[in-house]
Amino acid sequence: MNLFGVDISKHLLRDEGEVVVDEVTHHWVSYIRPVAEAILGLALMIVAATINMNVAWILVLVAFALVGHAFWRALVVSRDRFVVTNMRIFRVHGVLSSELATMPLARVLDITVKQSFTGQILNYGHFVFESAAQEQGLNNIYFVGRPTERDLTIQRVVQRAGLRGSVG
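Residues numbered from 1 in each chain as written. Predicted model: local features only at pLDDT ≥ 70, side-chain atom pairs only at ≥ 80, totals over all residues. Heavy atoms only, no water.

Q: Help me understand the environment of Gln 159, please; the structure alone is not making it clear to me.
A: For Gln 159, the position within the fold is in helix H4 (residues 147-160). Residues Gln 159 and Leu 105, spaced 54 residues apart in sequence, show a C-alpha to C-alpha distance of 9.7 Å. (Helix = DSSP H or I, 4+ residues; strand = E, 2+ residues; numbered from the N terminus.)

The following block contains the structure:
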């Protein structure tokens, strides 16, 4: 089992000719909170080394909890993948267990790209999918790098698959 990455190839329908068009990992901004937690935990460990041991053990426990939580959150982010293929879009995520949500291209009705002011500056955004299906694990995809480019990629794949009418 690959702890830090996700093996996308095992989810592909290779015998049907499915190929990956784009594999999306989270933008680096999604790691800011785990890194800040880890830094705070390390700072607490340094402070704990300078104070009375009767109180320091509490700081050490809190520090270990913060660093452990930061590691866990970073692992969750790193194992979350959004994949666009020539046949469908899917999302694979999970650390101890894995969850796969998939949607055929024919069911993609609308994609809304949301970018905050910070997202516009740092070039990330969030995808909101409206599909012909019920709610599922592909409704919202957060912290997508280069969202406009990725939106155009999805639109091209849908167009090439002949699922939208041509203009002209």
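So that's the structure; there's more coming.
Q: How should I be thinking about the layout of surface pockets in this particular structure?
A: Over the atoms rolls a probe the size of a water molecule, and in doing so it shows where empty space is left. Within this model, the largest pocket holds a volume of roughly 230 Å³. Along its surface, the largest pocket is lined by 13 residues, and Ser 30, Pro 34, Arg 73, Val 77 and Phe 143 are the ones closest to its centre. Only helix H1 (32-48), helix H2 (53-78) and strand E7 (140-145) provide two or more residues apiece to the lining of the largest pocket. It is H2 that contributes the most residues to the lining of the largest pocket, 4 residues altogether. A breakdown of the residues in the lining of the largest pocket according to their chemical character gives 5 nonpolar, 3 polar and 5 charged. (1 Å grid on protein atoms, 1.4 Å probe; cavity = no way out; pocket = protein on both sides within 12 Å on 5 of 7 lines; lining within 4 Å. Points joined across faces, edges and corners; volume = space filled by probe spheres on them. Nonpolar A, V, L, I, M, F, W, Y, C, P; charged D, E, K, R; others polar.)

Q: Looking at this structure, I do not really get a nonpolar patch on the surface. What am I missing?
A: Taken together, Trp 28, Ile 32, Phe 117, Ile 121 and Leu 122 make up a surface patch of nonpolar side chains, about 560 Å² in accessible area. Tracing the backbone through its elements, the reader meets Ile 32 in helix H1. (Patch = residues over 30% accessible without salt bridge, like charges linked within 9 Å, V, L, I, M, F, W, Y side chains within 5 Å. Areas by Shrake-Rupley, 256 points an atom, 1.4 Å probe, with all protein chains shown as cover. Salt bridge = Lys/Arg side-chain N within 4 Å of Asp/Glu carboxyl O.)

Q: Would you mind going over H1 with me for this structure?
A: What sets the pattern is the α-helix's 3.6 residues per turn: residues three or four places apart point alike. Taking 1.5 Å of rise per residue, the 17 residues of H1 would be expected to cover 24 Å, and the 24 Å separating its terminal C-alpha atoms lies within 8% of that figure. Those residues of H1 that fall on the buried side of the exposure criterion are Pro 34, Glu 37, Gly 41, Leu 44 and Ala 48. Buried residues in H1, looked at end-on, bunch into an arc of 85°, giving them a common side. Opposite the packed face of H1, turned more than 90 degrees from it, sit the exposed residues Ile 39 and Ile 46. Structurally, H1 contributes buried residues whose contacts are with H2. (Expected span 1.5 Å × (residues − 1). Buried < 20%, exposed > 50% of the residue type's maximum accessible area, 1.4 Å probe, protein only. Arc of directions from axis to C-beta. Contact = heavy atoms within 4.5 Å.)

Q: Any chance you could explain the side chain of His 11 here in plain terms?
A: Note that His 11 resides in the segment before strand E1 (20-24). In this structure His 11 touches Glu 18, Arg 88, Phe 90, Val 92 and Leu 100, once residues within four positions along its chain are discounted.

Q: What exactly am I supposed to notice about the packing of H1 against H2 here?
A: Helix packing for two helices is described by the angle between their axes and how far apart those axes are. Running from N to C, H1 and H2 point in directions that differ by 160°, and their axes come no closer than 8 Å. It follows that H1 is roughly antiparallel to H2 by the angle criterion. Considering only the axes of H1 and H2, their crossing is left-handed. Between H1, through Pro 34, Glu 37, Ala 38, Leu 40, Gly 41, Leu 42, Leu 44, Met 45, Val 47 and Ala 48, and H2, the contact on the second element is made entirely by Ala 56, Leu 59, Val 60, Val 62, Ala 63, Phe 64, Leu 66, Val 67, His 69, Ala 70, Arg 73 and Ala 74. Taken together, the residues that form the contact of H1 with H2 break down as 18 nonpolar, 2 polar and 2 charged. (Axes fitted to C-alpha atoms, helices over the stretch in contact; angles between N-to-C directions. Parallel < 35°, antiparallel > 145°, perpendicular 65-115°, else oblique. Left-handed = near helix turned anticlockwise from the far one by under 90°.)

Q: So what exactly am I meant to see when it comes to H2 here?
A: With 26 residues, H2 extends 36 Å between its outermost C-alpha atoms, agreeing within 8% with the 38 Å of an ideal straight helix rising 1.5 Å per residue. Residues of H2 that are buried: Ala 56, Leu 59, Ala 63, Leu 66, Ala 70, Leu 75, Val 77 and Ser 78. Those residues of H2 that are buried lie in contact with H1 and strand E2 (81-85). Where H2 begins, one side-chain oxygen reaches toward the backbone nitrogen of Asn 54, 2.9 Å away; that side chain belongs to Asn 52. (Polar contact = N/O pair within 3.5 Å; in protein donor to acceptor, adjacent residues only side chain to side chain.)

Q: Teacher, can you tell me more about unusual backbone geometry here?
A: With the exception of glycine, most residues fall at negative phi, and the peptide bonds are largely trans. Phi is positive for Phe 143, which is not a glycine, with a value near 55°. On the secondary structure map, Phe 143 appears in strand E7. Judged by relative accessible area, Phe 143 falls into the partly exposed class, the value being 26%. Although it is not a glycine, Arg 146 adopts a positive phi angle of roughly 50°.

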